[in-house]
Amino acid sequence: MEETLKITKNHHKHLNNPFPSTPRSLPLVQGTLSFNPQTVPSHQILSIGKEFQSTWLSKNGGSLSISHQSEPTRAIWSTNPGQAFVSAALAETEVEESRGSFVIRDRDVHFVCNHQIIDEIKVINRSDYKLYSESHDFPSGYDEKDQKTESKGTQFPVLLITGRIFGVNTRKKKIQSLGMYSDFVENEPSISAKYWVFFDQKSSNQIGFHVKIGKSNPQFHPTRRRIGWPRYFSKRRAIITAASTDEEDVLVNGDGHKGFNRVCLTYTSEANERFYGFGEQFSHMDFKGKRVPILVQEQGIGRGDQPITFAANLVSYRSAGDWSTTYAPSPFYITSKMKSLYLEGYNYSVFDLTRHDRVQIQMHGDSIEGRILYGNSPLEFIEGFTDAIGRPPELPEWIISGAVVGMQGGTDFVRDVWDKLQAYDVPVSAFWLQDWVGQRKTVIGSQLWWNWEVDTTRYFGWQQLIREFSARHIKVMTYCNPCLAQVLIRYPPNSTVIMFSENLISENLIFLKTEGFVLDVDMPMFVGSNVYKALSEVIGSRLRFSCFNLLWQVDEKPNSRRNLFEEAKELDILIKDKKGKPYMVPNTAFDVGMLDLTHPRTASWFKQILQEMVDDGVRGWMADFGEGLPVDALLYSGEDPIAAHNRYPELWAKINRDFVEEWKSNRVGKEREDPEEALVFFMRAGFRNSPKWGMLFWEGDQMVSWQANDGIKSAVVGLLSSGLSGYAFNHSDIGGYCAVKLPFLKYERSEELLLRWMELSAFTTVFRTHEGNKPSCNSQFYSNHKTFSHFARFAKVYKAWKFYRIQLVKEASQKGIPVCRHLFLHYPHDEYVHNLSYEQFLVGEEILVAPVLDKGKKNVKVYFPLGETCSWKHIWTGNLYTKQGSEAWVEAPVGYPAIFVKAGSLVGETFLKYLREYDVL
């Protein structure tokens, strides 16, 4: 509801609380379950489709369970006896936004319906669905459900549960008993609403669910209540309580709040149940005991690691992020009890796993829709999940054949490095040149010109360079994103240009106008101390300092041929602000226009840009960003920008993927099937269905550190959690990305960190370097003989298992199973495995990797899981580890990470053979 939403922008707050509080959120909602004994029997088993069934039991207050008919006594989903499983609320929402980071808070709660009554549980067959829907007051759109179910794969009969939810007010009354007065607690109904819960079979291993809440029916005017701490609901009766005496109570007009904007679905969990997945997560593998928000955004700088988190939050509002912030979340999980569920749609949701005996999904909106999966192993769940959402295509063989060399510097420098790579005999697949568009100087250093055409000064002879590499079977890859920077701004000769935001102090505007300055109030703004110094010299102290944090300098790209920002603006395909103007989105050091991917003209226009790039001979690119759609943007589609925010990275992936497929289909003869000419793109932002559209992912911008939440360790966690969530092909920047160089704080990539990250990345899908945001501060693969030699060695290690990688890539495209795997996928019943995070992982099921992730460490503890019949063979020494469920300390000096293969396996022996051929072993 529009009146319950507040959006706060903090882009230009430059002195902040370095320890921001945890956002307030709706606590877990609890209430009672009751049923009408005249219409709901005490025990009932009903079929759902052809292969599922529901069981209703009235004992202990009533409970519902869903099972597969092949295992009718094993519930794949069930409710807590006597506890409401459907509830709803109306709450005020505040969204805080700051440069790609978002915080969603629950503010005042107007009312909660936390008690549930079941009026009817029945099945509906195809023949009587329409008649039933017309006569039972279904919510809007449900009378058309029977026409849509076939296209969604629904099989009848469908289970329908109907009833009402309600809340109660608690007030004290004085009653007289035996001549004495005492307090008596009386519960009064306040708000109620109808609900509908559908369960319908979607496939042989998936059952859909859909919870819909009707309009509220106020019987009393409830009191607005702020979220109370520490108690919000009565534990026994789940009745909302007032917060504190210093809060003002405000009456809410019931007629003005007909709907709900929170819906909760609650069901059982076991105390020792582990929850894995939720997309690409960087700090944890198991989420039991946590509240997991599902919102696409910047992962943050530090994410809890100190001291960088303190510094990042201090200078830029909440920019550090926290354990939950991620570019690519997914509302999907698999548990250690072999249960799995995912949500459909794009609304913001929270999975509350804080209670030992239950899960509660809190959805922003008035409905919840999703699917419950049936399976007996994590691999079955991943295969079933990706069968529904989609899987990536096979990667072109060229990108998984050798190193992807990420570097910058222009034509001459690239050729110079290439000569040295040849001297060190490095197997190279591609050069990824992100600065192909040229670089600009900003207040944070050197950044790219976001105008997607080659900079012919920096990369002179661009097409010739590409042809030279192509002749050696090496590809050139580039960079783009869905945002555009202004590249050319013209002003009258000899004029002084100052750019302001619209909330400028009025007397300063008057002063500047009278002094003859040219003003442009619609242009980007950013802090710049050099701007303050220059202006002070020009106009002295008469301009107030409070304006200087809203200033920016004119920048101009000298050799641009096209101004893509102006083209997009003319075509009206940029997202708009509330005034209908192009929304200038604050980036790091400049503001940009963002493409409206819902506009029908956007895709074809951007594909032209990609076509020009590919016509030059480029065969791959990073499709960066996609996580920062402002939540108050106006879109061509008219859709809610908060929901569109989670959908945006999928739309961004789809445009790129559609281009790849169209380009391939337009080629003829041998060219069409030539694997050497296949295109590929990789991206960081995503949501649930991104594996369908994205071809390859990378993990974004880790710190150049050894730390757990945003360093090398987090790269392993992100790799494995995303693999559990359908992201079959993922990798990280070798060495990390984000460096910091300040007098009081330094994060610089050390040589040791770079070498260990090379060892780790040699066992991921793609082996790709990145110079980082501050190349001169970081150790690089080309820094010296040692780094070159190590890079060559592990590029050959990577090449040595190419034969197996090709098999795994094919399997991933067919089943969705990731290349890099948490041991849980193959050893789900081993309790030790449940506790593993970044310590070790599998490549396929044949190679066991235990990377060194700590500074100065030269050995690692390795666990050999239960349930494996083969011994594990250490590739460097040939030592065998035969005891299942055992730990061992293994020597792992630099250059010799702890890697094992299954003894006697064809994959293991072939890998060792190639290592010997390449003089690694």
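Residues numbered from 1 in each chain as written. Predicted model: local features only at pLDDT ≥ 70, side-chain atom pairs only at ≥ 80, totals over all residues. Heavy atoms only, no water.

Asks: Help me get a handle on the overall build of the protein chain, residues and values and all.
Replies: Across its full length, the protein chain holds 19 helices and 46 strands. Considering the protein chain as a whole, with its 921 residues, one finds that 61% of them fall into the buried category. Here the contacts in the protein chain between residues at least 6 apart in sequence split such that 73% fall between residues at least 24 apart. Accessible area for the protein chain stands at about 35,700 Å²; split by element, carbon and sulfur atoms hold 50% of it. (Helix = DSSP H or I, 4+ residues; strand = E, 2+ residues; numbered from the N terminus. Buried < 20%, exposed > 50% of the residue type's maximum accessible area, 1.4 Å probe, protein only. Contact = heavy atoms within 4.5 Å. Areas by Shrake-Rupley, 256 points an atom, 1.4 Å probe, with all protein chains shown as cover.)

Asks: Go over the pattern of salt bridges with me, naming the residues and quoting the values.
Replies: Scanning all chains against the criterion turns up 42 salt bridges. When the shortest N-O distance is used, the salt bridge between Arg-74 and Glu-71 registers 3.0 Å. Of the residues examined, Glu-71 reaches a relative accessible area of 26% and is grouped as partly exposed. Between Asp-286 and Arg-274 there is a salt bridge; the shortest N-O distance is 3.5 Å. Residue Asp-286 is found in the loop between β16 (275–279) and β17 (291–294), and its partner Arg-274 is found in the loop between β15 (262–268) and β16; the two are separated by 12 residues along the sequence. Pair check on accessibility: Asp-286 and Arg-274 agree, each one buried. (Salt bridge = Lys/Arg side-chain N within 4 Å of Asp/Glu carboxyl O.)

Asks: Can you explain the pairing of strand β22 (residues 367–373)? Please cite residues and give values.
Replies: A large share of β22 lies buried, amounting to 5 of its 7 residues. Relative to β22, strand β12 (residues 206–213) is paired through 7 bridges, and the arrangement is antiparallel. Within β22, the residue paired with Phe-209 across the bridge is Gly-370. In the sheet, strand β19 (residues 340–343) pairs with β22 via 4 bridges, with the strands oriented antiparallel. Bridge pairing in β22 places Leu-343 opposite Gly-370. (Pairing = 2+ DSSP bridges.)

Asks: Describe the sheet that holds strand β4 (residues 52–57), listing the residues and the values that go with them.
Replies: With antiparallel pairing, the 4 strands of this open sheet are ordered in space as β3-β4-β5-β6. Edge positions in the sheet fall to β3 (43–48) and β6 (75–78), since each has one partner strand and no second. Averaged over all pairs of adjacent strands, the angle between strand axes in this sheet comes to 20°, irrespective of strand direction. Here strand β5 (residues 63–68) runs beside β6; their pairing, made up of 3 bridges, is antiparallel. Bridge assignment links Ile-66 to a residue of β6, and that residue is Trp-77. (Axes fitted to C-alpha atoms, helices over the stretch in contact; angles between N-to-C directions.)

Asks: Explain the sheet that holds strand β46 (residues 898–902) to me, and be specific about the residues and the numbers.
Replies: Pairing between sheet strands relies on hydrogen bonds along the backbone, with the strands arranged either parallel or antiparallel. Taking strand neighbours across the sheet as the criterion, the 6 strands line up as β39-β40-β41-β46-β43-β44 in an open arrangement whose pairing is antiparallel. Two strands in the sheet have a free side with no partner beyond their single neighbour: β39 (820–821) and β44 (880–881). Here β39 pairs with strand β40 (residues 841–843) via 2 bridges, running antiparallel. From the neighbouring strand, Cys-820 faces β40, where its bridge partner is Val-843. In this fold helix α19 (residues 906–917) packs onto β41 (847–850), β43 (872–874) and β46, with an angle of close to 130° to the strand it touches most, β46.

Asks: Run through helix α14 (residues 712–724), naming residues and quoting values.
Replies: Residue pairs spaced three or four apart in an α-helix point in one direction, given the helix's 3.6 residues per turn. Taking 1.5 Å of rise per residue, 13 residues should cover 18 Å, and α14 covers 19 Å from first to last C-alpha, within 8% of that figure. Burial analysis of α14 places 13 of its 13 residues in the buried class, the great majority of the element. Note on α14: the residue one or two positions beyond its end, Gly-726, has a positive phi of about 100°. (Expected span 1.5 Å × (residues − 1).)

Asks: How would you explain the nonpolar core if you had to name every residue and give the values?
Replies: Residues Leu-421, Phe-431, Trp-452, Trp-621, Phe-763 and Phe-911 are the most contacted members of the largest nonpolar core, which totals 178 residues. When residues of this core are assigned to their parent elements, the largest contribution, 9 residues, is made by helix α11 (residues 641–666). Ignoring anything within four residues of it in the chain, the contact list for Phe-911 reads Phe-763, Val-797, Ala-800, Trp-801, Phe-803, Ile-847, Ile-875, Ile-899 and Val-901. Leu-33, Ile-191, Phe-209 and Tyr-346 belong to the second-largest nonpolar core, a separate cluster that totals 54 residues. (Core = buried A, V, L, I, M, F, W, Y, C linked by side-chain atoms within 4.5 Å.)

Asks: How would you explain the packing of helix α15 (residues 751–761) against helix α16 (residues 785–800) if you had to name every residue and give the values?
Replies: When two helices pack together, their arrangement is captured by the angle between the axes and the distance separating the axes. Viewed as axis vectors pointing N to C, α15 and α16 meet at an angle of 10°, and their least axial separation amounts to 9 Å. Overall, the two elements α15 and α16 adopt an arrangement that is roughly parallel. Of the residues in α16, those touching α15 at Glu-751, Leu-754, Leu-755, Met-758, Glu-759 and Ser-761 are Lys-786, Thr-787, His-790, Phe-791, Phe-794 and Tyr-798. Its residues assigned to classes, the contact of α15 with α16 comprises 6 nonpolar, 3 polar and 3 charged. (Parallel < 35°, antiparallel > 145°, perpendicular 65-115°, else oblique. Nonpolar A, V, L, I, M, F, W, Y, C, P; charged D, E, K, R; others polar.)

Asks: Describe in detail the packing of aromatic side chains, supporting the description with residues and values.
Replies: Per the stated rule, a full pass over the model turns up 49 aromatic pairs. Taking 5.1 Å as the distance between ring centres and 80° as the angle between the ring planes, the aromatic pair formed by Trp-876 and Tyr-896 counts as edge-to-face. Residue Trp-876 is found in the loop between β43 and β44, and its partner Tyr-896 is found in the loop between β45 (886–891) and β46; the two are separated by 20 residues along the sequence. Members of the aromatic cluster, each reached through a chain of ring pairs, are Phe-413, Tyr-424, Phe-763, Phe-767, Phe-781, Tyr-782, Phe-788, Phe-791, Tyr-798, Trp-801 and Phe-911. Here Lys-654 stacks its cationic end above the ring of Trp-693, 5.1 Å away from the centre of that ring. (Phe/Tyr/Trp six-rings, centres within 6.5 Å; stacked < 30°, edge-to-face > 60°. Lys NZ or Arg CZ within 6 Å of the ring centre and 35° of its normal.)

Asks: An account of the side chain of Arg-391 is needed here, citing residue identities and associated values.
Replies: Structurally, the position occupied by Arg-391 is in the loop between α4 (378–389) and β23 (403–407). Asp-387 provides the closest opposite charge to the buried, unpaired Arg-391, separated from it by 4.2 Å. Among the polar contacts listed, one links the side chain of Arg-391 to the backbone oxygen of Lys-815, at a separation of 3.4 Å. Those residues within four positions of Arg-391 in sequence are excluded, and the remaining contacts are Glu-383, Thr-386, Pro-691, Lys-692, Ala-812, Ser-813, Gln-814, Lys-815 and Gly-816. (Lys, Arg positive; Asp, Glu negative; His and termini not counted. Polar contact = N/O pair within 3.5 Å; in protein donor to acceptor, adjacent residues only side chain to side chain.)

Asks: With reference to specific residues and values, describe the environment of Ile-899.
Replies: Its place among the elements puts Ile-899 in strand β46. When the C-alpha positions of Ile-899 and Phe-763 are compared, they lie 9.6 Å apart, and in sequence the two are 136 residues distant. Non-local contacts of Ile-899, meaning those with residues more than four positions away in its chain, are made with Phe-763, Ile-847, Leu-848, Val-849, Lys-873, His-874, Ile-875 and Phe-911.

Asks: Quick one: what's the story with unusual backbone geometry, residue by residue and with numbers?
Replies: Cis geometry is adopted by the peptide bond preceding Pro-157, which originates at Phe-156 and carries an omega value of 5°. Locating Pro-157 in the fold gives a position in strand β10 (residues 155–177). A cis amide bond links Gln-306 with the next residue in sequence, Pro-307, at an omega value of 10°. The topology assignment puts Pro-307 in the loop between β17 and α3 (308–315). Positive phi, close to 55°, is recorded for Arg-303, a residue that is not glycine. Relative to the assigned elements, Arg-303 resides in the loop between β17 and α3. Overall, the relative accessible area of 2% leaves Arg-303 in the buried class.

Asks: Please provide a residue-by-residue account of the environment of Pro-851, values included.
Replies: Note that Pro-851 resides in the loop between β41 and β42 (859–864). Classification of Pro-851 by relative accessible area gives buried; the value is 9%. Once the C-alpha coordinates of Pro-851 and Pro-897 are considered, the two residues, 46 residues apart in sequence, prove to be 5.9 Å apart.

Function cannot be inferred from these measures alone, as they are strictly geometric.
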